[in-house]
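Fold and geometry: a report
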Amino acid sequence: MDDTKLYSVGIDIGTSTSQVIFSRLTVANRAGRCSVPFVEIVDKEVIYRSPIHRTPMLNPWTIDGEALRTLVAEEYAACGLRPDQLATGAVIITGEAARKRNAALVLERLSGLAGDFVVETAGPDLESAIAGRGSGAQRFSEETGAAVVNLDIGGGTTNAALFLAGELAAWGCLDIGGRQVEVSADGTVRAVSVGAQRIIRARRLPIREGEKADRAALEALCDGMNELLEQLTGLLPPSPLLEEIASPGSTKFAAPPGADIRYICFSGGVADCVYAPAEDDFAYGDIGVLLGRAIRRGRLLRDFRVAEAAETIRATVIGAGSYTTTISGSTISYAEDLFPLKNIPLLRLNEGEEAACWSGDGGALLERVRWFLAQSDADLAALAIQGRRDPEYAALRRLAETLAGTLDRTLPEGAPLLVIVRRDMAKALGQRLAALLGARRPVAVLDGISADQGTFIDLGRPVMDGMALPVVVKTLLFG
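These numbers come from a predicted model, not from an experiment. (Residues numbered from 1 in each chain as written. Predicted model: local features only at pLDDT ≥ 70, side-chain atom pairs only at ≥ 80, totals over all residues. Heavy atoms only, no water.)

1. Looking at the overall build of the protein
How we decide: Elements are defined by DSSP. Helices are runs of H or I of four residues or more, strands are runs of E of two residues or more, and each kind is numbered from the N terminus. Relative accessibility thresholds used throughout: buried, under 20% of the residue-type maximum; exposed, over 50%; partly exposed, between the two (1.4 Å probe, protein chains only). Should any heavy atoms of two residues lie within 4.5 Å, those residues are considered in contact. Per-residue and other accessible areas follow the Shrake-Rupley method at a 1.4 Å probe size, with only the shown protein chains counted as cover for residues.
From N to C terminus, the protein includes 14 helices and 23 strands. Looking at the protein residue by residue over its 479 residues, the buried ones come to 56%. Taking contacts inside the protein between residues at least 6 apart in sequence as the whole, the part at least 24 apart equals 71%. On the protein, roughly 20500 Å² of surface is accessible, and the fraction owed to carbon and sulfur atoms is 48%.

What follows is the structure in structure tokens.
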């Protein structure tokens, strides 16, 4: 089978900036002539990167959806591609922009600009994981075995993610960013966000909207923001203010006991100001340059080694639609007439969480599922576990009872319970889950599929007389 070229688009809408990136993907069938097809991406090439645009706003609380759609359409024209030429893509809305009143409507409008989009409103914790992968911090941690904290500092928020040997171990988000205070060219303060106001009050700084900015006061504000980042990463004891500026909906960042953090990585728009600050204090109409300088003179760069980011402002997403088509194992269990299902976000349990489920404890699973549904703004999720080779019946029964009892309480009424297992045990687990849940919700358990956190899956209609299902694993492509 000849290689196939596909075009993909990524649209990233942030608090301060938005961007569009087009990629060309080469897809090939790597299976033998008489084998079940195994289709995978063998090459990816970014063919167009848009300028970094200011996210258009009607007012401080409302994204200008029409202006944003026009901006994206103009980038299609600049690249020379039409929407009908795009095979796939992603629209990701992050940071404070995800809190704007019409964020969901904006995503819906933009998703019509290409075919099979993954459309995601990333909550603060999920954005932390996405940015940590996009910056290269996760890969650095995986390759070196080191503990690495990625700080993705954007316009409105700082997303923190800790990776231990490549595994996401802690995450959180603070209302710290360059756009927390907007400043005009003559130094007048145009806007102050709630997070910045709290730090201003705590440090008793003379910074007020509509008045000329005192440079020393703005530097003191940025020093305060940097100290909070030092508290977050364990360099300073935490203060009550650290909790006050935690972003709504975020998890408290807490490194596991014994985690030896030696590396730090910076991504996001302010990262460029950390690595190479601009000469103009207010080059971007905000305090981003001053915040970058405050971080440079603080302890973060002195006490940690810096793992330089592969991507900074483009870390969140530079493209999307990595399609890997696989076929589930033959020992599967599923409800009739359930498929096809498309763009299902995948929640992968870590080793400790899965072990708790095998022992009959669903507490951690309950928290993770509730968190994931809130962070991904989704009504449905697929749970991914490793599974065990030839598990004993008693252990399999405990696992099924834990999954059924926990997920039945958290998923919307009537929504299917979807489980992806790497080991060959799907049929037995699926039959037990179906018996426990009865007619309350359909069940599908598939095995032989490997997928990471932050991926999406499509489940096609059964093939080979119902013995297998085609599964498409979609992974956001990062730089």
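2. Describing the nonpolar core
Note on soluble globular proteins: their nonpolar side chains tend to be buried together. Quick note on the threshold: Grouping buried Ala, Val, Leu, Ile, Met, Phe, Trp, Tyr and Cys residues that are joined through side-chain atoms within 4.5 Å yields what is termed a nonpolar core.
Counting 46 residues, the largest nonpolar core has Leu151, Val181, Leu221, Phe266 and Leu300 as the members making the most contacts within it. For this core, the leading source of residues is helix 6 (residues 215-232), giving nine residues. Setting aside residues up to four positions removed in sequence, Leu221 forms contacts with Val181, Ala196, Ile199, Ile200, Leu205, Ile207 and Ile287.

3. Focus: the sheet that holds strand 10 (residues 158-164)
Under the convention used in this document: DSSP bridges decide pairing: two strands pair if at least two such bridges lie between them.
Read across the open sheet, the five strands follow the order 11-10-9-14-15; overall the sheet is mixed. Across the chains shown, the open sheet's two edge strands, defined by having one partner strand only, are strand 11 (167-174) and strand 15 (305-306). Note that strand 10 and strand 11 share seven bridges and pair antiparallel. Bridge assignment links Phe163 to a residue of strand 11, and that residue is Leu168.

4. Looking at the pattern of salt bridges
Using the following cut-off: Any Lys or Arg side-chain nitrogen found within 4 Å of a carboxyl oxygen on Asp or Glu counts as a salt bridge.
Inspection of every chain in the model, using the stated rule, returns 19 salt bridges. A salt bridge links Arg293 to Asp281, with the nearest nitrogen and oxygen atoms 2.5 Å apart. Highlighted residues: Arg293 in helix 9 (residues 288-296) and Asp281 in the loop between helix 8 (269-275) and helix 9, separated in sequence by twelve residues. Looking at Asp281, the relative accessible area reads 15%, which means it is buried. The partner of Arg368 in a salt bridge is Glu353, and the shortest N-O contact between them spans 2.6 Å. A residue pair is termed long-range when its members are at least 10 positions apart, and Arg368 in helix 12 (residues 363-376) and Glu353 in helix 11 (residues 351-358) qualify at 15 residues. The residues Arg368 and Glu353 share a single accessibility class, namely buried.

5. A few points about the pairing of strand 18 (residues 341-348)
As judged from the three bridges shared by strand 18 and strand 22 (residues 455-459), these two strands associate in the antiparallel manner. Within strand 22, the residue paired with Pro345 across the bridge is Phe456. Sheet topology note: the strand 18/strand 19 (residues 382-385) ladder contains three bridges and is parallel. Looking at the pairing, Leu346 lines up with Ala382 of strand 19.

6. Considering the side chain of Thr406
What counts here: Pairs of N or O atoms are called polar contacts if they sit within 3.5 Å, as long as, within protein, a hydrogen donor faces a hydrogen acceptor (for residues adjacent in sequence, only side-chain-to-side-chain pairs).
Looking at the element boundaries, Thr406 is found in helix 13 (residues 393-410). Here the side chain of Thr406 touches Thr402 through a polar contact of 2.8 Å, landing on its backbone oxygen. With residues near it in sequence (within four places) discarded, Thr406 still touches Gly362, Leu365 and Leu366.

7. Points about the packing of aromatic side chains
In plain terms, the rule: The aromatic pairing rule takes the rings of Phe, Tyr and Trp, using the six-membered ring of Trp, and pairs them if the centres are within 6.5 Å, calling planes under 30 degrees apart stacked, those over 60 edge-to-face and the rest tilted.
All chains considered together, the criterion is met by six aromatic pairs. Ring centres 6.0 Å apart and planes at 50° place the aromatic pair Phe22 and Tyr48 in the tilted group. One end of the pair, Phe22, is in strand 2 (residues 17-29); the other, Tyr48, is in strand 3 (residues 39-49), and 26 residues separate them in sequence. This pair shows no difference in class: Phe22 is buried, exactly as Tyr48 is. Judged by centre distance (6.3 Å) and plane angle (50°), the ring pair of Trp371 and Phe372 falls under tilted. Its relative accessible area of 15% is what places Trp371 among the buried residues. Accessibility expressed as a relative area gives 3% for Phe372, which makes it buried. Among the aromatic residues, those joined into a ring-pair cluster are Phe22, Tyr48 and Tyr76.

Nothing here speaks to function; it is all geometry.
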